[in-house]
Structure formats: structure tokens, C-alpha cells
Amino acid sequence: MLVIRLFAILAVIGIGGSLVAWMLTGNPKYRVWAWNCLRAGIAVLFVFLALFALERVFVPFV
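What comes next is a walk through the structure. None of these values were measured; they are calculated from a predicted model.

### As for the overall build of the protein chain
Right, on to step 1. Helix and strand counts for the protein chain come out as 2 helices and 0 strands.
Right, on to step 2. Relative to the 2.2 N^0.38 estimate, which gives 11 Å for 62 residues, the radius of gyration of the protein chain is 16 Å and therefore markedly larger than a compact globule would have.
Right, on to step 3. Seen through its C-alpha atoms, the protein chain measures out along the principal axes to roughly 55 × 20 × 10 Å.
Right, on to step 4. Taken across its 62 residues, the protein chain has 11% of its residues classed as buried.
Right, on to step 5. Accessible surface, the protein chain: about 5200 Å² in total, of which carbon and sulfur atoms supply 79%.

See below:
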């Protein structure tokens, strides 16, 4: 769980920083960077949730 929390904090900082940079500069590459960070964060979250679900399924067999 600690890994997920750390990754979530880093993702929020990255997304927030990119959006602030986009608002200050108007450069659209920062908005694209924030969108890519959001998509990567959601993908990693789904991978961890899938691993937790698989653990719940396969632990009773051990």
C-alpha cells in the first residue's frame, strides 16, 4: 500500500505542476504532459488493483 500511496502523491504532484506550468506559460506541451501522467497513473493503479484481486483469488488455494 505504501508504494501505491507514494506513486499517487508523485502523480498528483506531476499533474498539478504540469497544469500550473501550462496556466502560467500557455505552452500546450505541459497540458499534454499532465494528460500522459494521468493516464499512466490510472494504468498503474489498475495493475495494482488487478494484482490485489488475483491475490485474493489465489491465496485460498495455497
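Once the structure has been displayed, the description carries forward.
### Some details on helix α2 (residues 28-58)
Right, on to step 1. Its 31 residues place the ends of α2 45 Å apart at the C-alpha level, agreeing with the 45 Å of an ideal helix rising 1.5 Å per residue.
Right, on to step 2. If you check which residues of α2 are buried, you get Ala34, Cys37 and Gly41.
Right, on to step 3. Summarising the contacts, the buried residues of α2 are in contact with α1 (2-25).

### Re the side chain of Ser18
Right, on to step 1. Its location among the elements puts Ser18 in helix α1.
Right, on to step 2. Taking the relative accessible area as the measure of exposure, Ser18 reaches 6% and is therefore buried.

### Things to note about α1
Right, on to step 1. Compared with an ideal rise of 1.5 Å per residue, which puts 24 residues at 34 Å, α1 spans 34 Å between its outermost C-alpha atoms and is within 8% of the ideal.
Right, on to step 2. Residues Ile4, Ala11, Ile15 and Ser18 constitute the buried set of α1.
Right, on to step 3. Looking at the packing, one finds that the buried side of α1 touches α2.
Right, on to step 4. Looking one or two residues past α1, Gly26 carries a phi angle of roughly 80°, positive in sign.

Conventions used here
Residues numbered from 1 in each chain as written. Predicted model: local features only at pLDDT ≥ 70, side-chain atom pairs only at ≥ 80, totals over all residues. Heavy atoms only, no water. Helix = DSSP H or I, 4+ residues; strand = E, 2+ residues; numbered from the N terminus. Rg over C-alpha atoms; globule rule 2.2 N^0.38 Å. Buried < 20%, exposed > 50% of the residue type's maximum accessible area, 1.4 Å probe, protein only. Areas by Shrake-Rupley, 256 points an atom, 1.4 Å probe, with all protein chains shown as cover. Expected span 1.5 Å × (residues − 1). Contact = heavy atoms within 4.5 Å.

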